[in-house]
Amino acid sequence: MERSSQNERSKFDVKTKFVLVILGSVFTILFTHPFKLLILFFAILCLLVIMDIKAFAVLFRFRRLLSIFLTLVVLQNLFSPSGKTLIAIAGHPVISEGGLLKAFSGVLRVVNMLLLGVMIAVESPERITAALEELGVPHKLAMMVSVALLFLSVFRNEAMDMVTALKLRGIDIDSESLKRRLMLYFRLAFPLTISALRKAQTMAAIIEVRGFGSELRQSKFSPFNNMKFWDVALISVFTIWGIAVWMGL
Amino acid sequence: MSLLKIEGLTFTYAHSDHPVLKRLNFQLEPGECAFVFGLNGSGKSTFALAAAGVLLKVAKGELDGRIELNGESVFDLAPHKLVQNVGLVVQDPDLQAISMTVADEVAYPLKNLGFSDARAKSRVSEVLELVGLSGYADLRPDRLSHGQKQLLALGVAVAARPKLLVLDEPTAYLDPEAEQNFWNVVQVLKNQGTGVVIMESWPHVPEFADSVYSLVDGKLIDGIEFRMPNPMAKQGIRLSDLRPVFDVEALRFSWGDRILLKNANFTVPQGITMLLGANGSGKTTLTKLLMGILRPQEGVVRFDGKPVWELGLSVIGRRVGYLFQNPERQLICRSVLDEVMLSLRAAEGGAVSEDRAMELLEYFGIQELADRFPLSLSASEKKRAALASLLALDPEFFVLDEPESGLDPLQLANFANMLERLAEMEKGIFLTTKNFRAPSDSQTNASAWLQCRLSANLLELRDGKVIAK
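Criteria and thresholds
Residues numbered from 1 in each chain as written. Chains lettered and ligands numbered in written order. Predicted model: local features only at pLDDT ≥ 70, side-chain atom pairs only at ≥ 80, totals over all residues. Heavy atoms only, no water. Helix = DSSP H or I, 4+ residues; strand = E, 2+ residues; numbered from the N terminus. Buried < 20%, exposed > 50% of the residue type's maximum accessible area, 1.4 Å probe, protein only. Areas by Shrake-Rupley, 256 points an atom, 1.4 Å probe, with all protein chains shown as cover. Axes fitted to C-alpha atoms, helices over the stretch in contact; angles between N-to-C directions. Parallel < 35°, antiparallel > 145°, perpendicular 65-115°, else oblique. Left-handed = near helix turned anticlockwise from the far one by under 90°. Contact = heavy atoms within 4.5 Å. Domains from an automatic or database assignment. Buried area = accessible area lost by both parts, 1.4 Å probe. Patch = residues over 30% accessible without salt bridge, like charges linked within 9 Å, V, L, I, M, F, W, Y side chains within 5 Å. Salt bridge = Lys/Arg side-chain N within 4 Å of Asp/Glu carboxyl O. Lys, Arg positive; Asp, Glu negative; His and termini not counted. Charge placed at Lys NZ, Arg CZ, Asp CG, Glu CD. Pairing = 2+ DSSP bridges. Nonpolar A, V, L, I, M, F, W, Y, C, P; charged D, E, K, R; others polar. Arc of directions from axis to C-beta. Polar contact = N/O pair within 3.5 Å; in protein donor to acceptor, adjacent residues only side chain to side chain. Expected span 1.5 Å × (residues − 1).

**Student:** Even after reading the chapter, I still don't get the overall build of chain A, so can you show me in this structure?
**Tutor:** On a plain count of helices and strands, chain A comes out with nine helices and two strands. Counting from the amino terminus, chain A carries its helices and strands in the arrangement α-α-α-α-β-β-α-α-α-α-α. In terms of overall dimensions, chain A has C-alpha extents of about 70 × 55 × 30 Å along its principal axes. In chain A, which comprises 249 residues, the proportion classed as buried is 45%. Here chain A displays about 12,800 Å² of accessible surface, and carbon together with sulfur accounts for 70% of that area.

Here's what the structure looks like:
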């Protein structure tokens, strides 16, 4: 994910984003009807557009998760069928109306959560740290969260290189069966984790010698988090809208 | 009083029975520069972390002895005291930036010291001017070249005016020009009274070093006794004598507004070809274009007459073995033997013989490492394990991206032997390497040594074009 640079900082305070993420997550859990979840999905898309995040480009990237979503749909139908049976094999319902609706809700919940995460992921570690601190999170914890987010891109690049290396060894991972593909990804997870831990150790040394944890620390990373009228307005509108939808008004 | 005084330092990692540093003694005065040479695995990084006072914070193990900075135990220093006393720069330029802009990066230690915005801004300007990055304050650190990233790391390390600067192989990834720029700044700092400890795995001692040591068997000894084996020059093979394998035509590639290749035309023949280029000139990008990992914006790369990106990665991968600059990214199994078995299965399908895998490991001299976890190997062993797994696919050609990176002189000599053995098997080899000043630098420069040793056909990547040297 391309993060914004100092010159391209978004017009909204990161605290606003954190509040919206918390509200959005609560609504995602509270809303049980698929239609309400669908409305929430569009509302989150609107929030992303307002925040100058390329929402549709992000959605397009989610296509890679399609196989996981399909698996979710199948599992939901197999293990939790309800309502009218649409397809049955040997008397056992494989696809049911209720199963489909539940699966649809499940997928929407995942997508909504991911989209909410994107709001934070595009921010710089300093803004995230500062916002978390302003929200009362201790500096050390806030710094850990932001460095972990920064680390994600390193982790992603390594994972991509490993998949490329696998393909270059004559293993066409894309044309393998789902089971074999999962096994291959599982195989990658171990060296990836070890490598990440080693990098984390180097990063830890670097941060330590830069005075991390100093009690003298007074100033924030940068004076860029400042809630304005539009921040408050956005939070208020989203809160009222969410409660109204939840209560079925 | 000495700036840094180390007495009887012994350190044993939690997972090991053998101490990596053994009753090590060391002393450094203010404004003095000590150069410490050590082969990979000799304990340089452990020594660097110990001198910087963070060893026990980032590694588990047993430590004996004393490390004093201006008479105070380095382990007792509070974070704000540590940052005012020690600056640390490590080998990997990509792992040192934690901020979104160059200015924020330099400001980080200052903010931790409670500097006001105005004071921090003024000091950031001074530091950026010192390291020659004044025009880059608002740029994202990952947009900088390797050389600039290391200068930034140096700037951050000295932002709080520490009295001691610890440099752990800071120039390992830099070309000669970037290396010289880096040393120039270090010399300025030394002249201003900063004590400097430099760890390097190549015996390339900067002129301003006051004392030179070698780290051998966990102990420091005076001077450098190590001598790089002289590369045996062999008769080069003329480019025109060999059949072209890769044919590159009107290649154009850019990352955003940064153009790396513009209308590049060249062929890569069978035999050994070496591509030289400065940091950030696009060498890695070019190897990825040759392999079809990246697709050019314009132009075409043909392998054996066919466009590579039409072949697909799994097809080209069987015909051309690609060694990443960091082979850790292609070692994905639990053991070295598994690595080779995985490739053999991909090449031959079905059940494969373990004997064949062991044969390949033996070929690269790593049969005794068959059960080891690949990421626990040394840099050279990792490269050999990666090459063995590539050779299992029986490719006709190898593309190696800066294979000398991370290797000390002995490891490089071993690695060069292996490349020659591949060439003897009539495998073609295309390898990229950093620029060097002159082949006569081969005693202190890995790229120069490799060129003398392999006597390869030379190409150079400069200003987006590939030219024969």
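**Student:** When you look at unusual backbone geometry in this model, what are you seeing that I'm missing?
**Tutor:** Residue and element names in this part refer to chain B. The backbone phi angle of Arg23 is positive, close to 40 degrees, even though this residue is not glycine. Looking at the secondary structure, you find Arg23 in strand β2 (residues 21-28). Given a relative accessible area of 61%, Arg23 falls into the exposed group. The phi dihedral of Arg161 is positive, around 50 degrees, even though this residue is not glycine.

**Student:** Explanation requested: the packing of helix α4 (residues 102-112) of chain B against helix α5 (residues 117-130) of chain B in the structure shown.
**Tutor:** Packed helices, taken two at a time, are described by the angle between their axes plus the distance between the axes. All names here are of chain B. Two elements in contact, α4 and α5, have axes whose closest approach is 9 Å; the angle formed by their N-to-C orientations is 120 degrees. Compared by their axis directions, α4 and α5 come out oblique. In the packing of α4 onto α5, the handedness of the crossing is right-handed. Contacts from Val102, Ala103, Val106, Ala107, Leu110 and Lys111 in α4 reach Asp117, Ala120, Arg123, Val124, Val127 and Leu128 in α5.

**Student:** Is there a simple way to explain the domain arrangement of chain A in this structure?
**Tutor:** Interface size is commonly expressed as the accessible area that is lost once the parts come together. All names here are of chain A. For chain A, the assigned domains read domain 1 (1-123 + 226-249) and domain 2 (125-209). When each unit is reduced to the centre of its C-alpha atoms, the spacing between domain 1 and domain 2 is 24 Å. With 13 residues of domain 1 at the interface, the matching set in domain 2 holds eleven residues. Roughly 1,100 Å² is buried in total at the junction of domain 1 and domain 2, and carbon and sulfur atoms are behind 61% of that figure.

**Student:** I'm lost on a positive patch on the surface in this one. Help?
**Tutor:** All names here are of chain A. A surface patch of positive charge is lined by Arg61, Arg63, Arg64 and Arg156. Residue position: Arg61 is located in helix α3 (residues 55-61). Given a relative accessible area of 43%, Arg61 falls into the partly exposed group.

**Student:** What should I look at first to understand a negative patch on the surface in this one?
**Tutor:** Residues and elements named next belong to chain B. A cluster of acidic residues, Asp338, Glu354, Asp355 and Asp371, forms a negative patch at the surface. Locating Asp338 in the fold gives a position in helix α11 (residues 336-348). Overall, Asp338 belongs to the partly exposed group, its relative accessible area being 32%.

**Student:** Can you help me understand the sheet that holds strand β9 (residues 211-216) of chain B in this one?
**Tutor:** The strands making up a sheet associate through backbone hydrogen bonding, with each pair oriented either parallel or antiparallel. All names here are of chain B. Across the sheet, which stays open at both edges, the six strands sit in the order β6-β7-β8-β3-β9-β10 with mixed pairing between neighbours. Among the strands making up the open sheet, the edge pair consists of β6 (86-89) and β10 (219-222). Pairwise comparison of adjacent strand axes, ignoring direction, gives a mean angle of 20 degrees for this sheet. Direction of pairing for β9 relative to β10: antiparallel, over a ladder of four bridges.

**Student:** Quick question: what am I supposed to make of the packing of α11 of chain B against helix α13 (residues 379-391) of chain B here?
**Tutor:** All names here are of chain B. Where α11 contacts α13, the two axes come as close as 7 Å, and the packing angle between them is 25 degrees. For the element pair α11 / α13, the angle class is roughly parallel. Where α11 crosses over α13, the two elements pack in a sense that is right-handed. For the pair formed by α11 and α13, the contact residues are Val336, Glu339, Val340 and Ser343 on the first element and Ala385, Ala388 and Ser389 on the second. Grouping the constituent residues of the contact of α11 with α13 by class yields four nonpolar, two polar and one charged.

**Student:** Would you mind going over the pairing of strand β11 (residues 244-255) of chain B with me for this structure?
**Tutor:** Residues and elements named next belong to chain B. The sheet contact formed by β11 and strand β12 (residues 258-269) spans eight bridges and is antiparallel. Looking at the pairing, Phe246 lines up with Val268 of β12. Here β11 folds back onto β12, and the loop between the two strands holds two residues, one of which, Gly256, carries a positive phi near 60 degrees. With five bridges joining them, β11 and strand β14 (residues 298-303) adopt antiparallel strand pairing. For Glu249, the partnering residue across the bridge sits in β14 and is Val300.

**Student:** I keep staring at the sheet that holds strand β16 (residues 320-323) of chain B and nothing clicks. Help me out?
**Tutor:** All names here are of chain B. One open sheet holds the six strands; their spatial order is β16-β17-β18-β13-β19-β20, and the pairing between them is mixed. A strand with exactly one partner marks an edge of an open sheet, and here the two such strands are β16 and β20 (465-468). Here the strands of the sheet are splayed against their neighbours by 20 degrees on average, with no regard to which way each runs. Of the pairings in the sheet, the one linking strand β13 (residues 272-277) to strand β19 (residues 457-462) comprises five bridges and is parallel in character. Bridge pairing links Leu275 to Leu459 in β19. Each of β16 and β17 (397-400) touches α13; the most contacted strand, β16, lies at about 165 degrees to it.

**Student:** Quick question: what am I supposed to make of the pairing of β16 of chain B here?
**Tutor:** Residue and element names in this part refer to chain B. By the alternation rule, side chains of β16 split into Val320 and Tyr322 and Gly321 and Leu323, which are all buried. Here β16 pairs with β17 via four bridges, running parallel. Within β17, the residue paired with Tyr322 across the bridge is Val399.

**Student:** It is not clear to me how helix α12 (residues 354-363) of chain B should be interpreted in this structure. Could you clarify?
**Tutor:** The periodicity of an α-helix, 3.6 residues per turn, causes residues three or four positions apart to be oriented the same way. All names here are of chain B. For α12, every residue scored as buried is listed here: Ala357, Leu360 and Leu361. Viewed along the axis of α12, the buried residues span an arc of 100 degrees, placing them on a single side of the element. Among the exposed residues of α12, those pointing more than 90 degrees away from its buried face are Asp355 and Glu362. Summarising the contacts, the buried residues of α12 are in contact with α11 and α13. For α12, the capping residue at the N-terminal end is Ser353, with a side-chain oxygen 3.0 Å from the backbone nitrogen of Asp355. Gly365 sits one or two positions beyond α12 and adopts a positive phi of about 70 degrees.

**Student:** Got a minute to help me understand helix α8 (residues 178-208) of chain A in this structure?
**Tutor:** The terminal C-alpha atoms of α8 of chain A, which comprises 31 residues, lie 43 Å apart, in line with the 45 Å expected from a rise of 1.5 Å per residue. Among the residues making up α8 of chain A, those that are buried are Leu184, Leu188, Pro191, Leu192, Ser195, Ala196, Lys199, Met203, Ala205, Ile206, Ile207 and Glu208 of chain A. If you follow the buried residues of α8 of chain A, they end up packed against α7 (139-168) of chain A together with α1 (44-51), α2 (55-58), α3 (79-85), β6 and α4 of chain B.

**Student:** Can you help me understand the environment of Val127 of chain B in this one?
**Tutor:** Residue and element names in this part refer to chain B. Residue placement: Val127 occurs in helix α5. On the basis of relative accessible area, Val127 is assigned to the buried category, the value being 1%. C-alpha separation for the pair Val127 and Ala160, spaced 33 residues apart in sequence, amounts to 9.7 Å. Once residues lying within four places of it in the same chain are set aside, the contact partners of Val127 are Val106, Gly155 and Ala159.

**Student:** Even after reading the chapter, I still don't get the environment of Asn263 of chain B, so can you show me in this structure?
**Tutor:** Secondary-structure assignment places Asn263 of chain B in strand β12. Here Asn263 of chain B is in contact with Ala250, Leu251, Arg252 and Lys465 of chain B, once residues within four sequence places are set aside.

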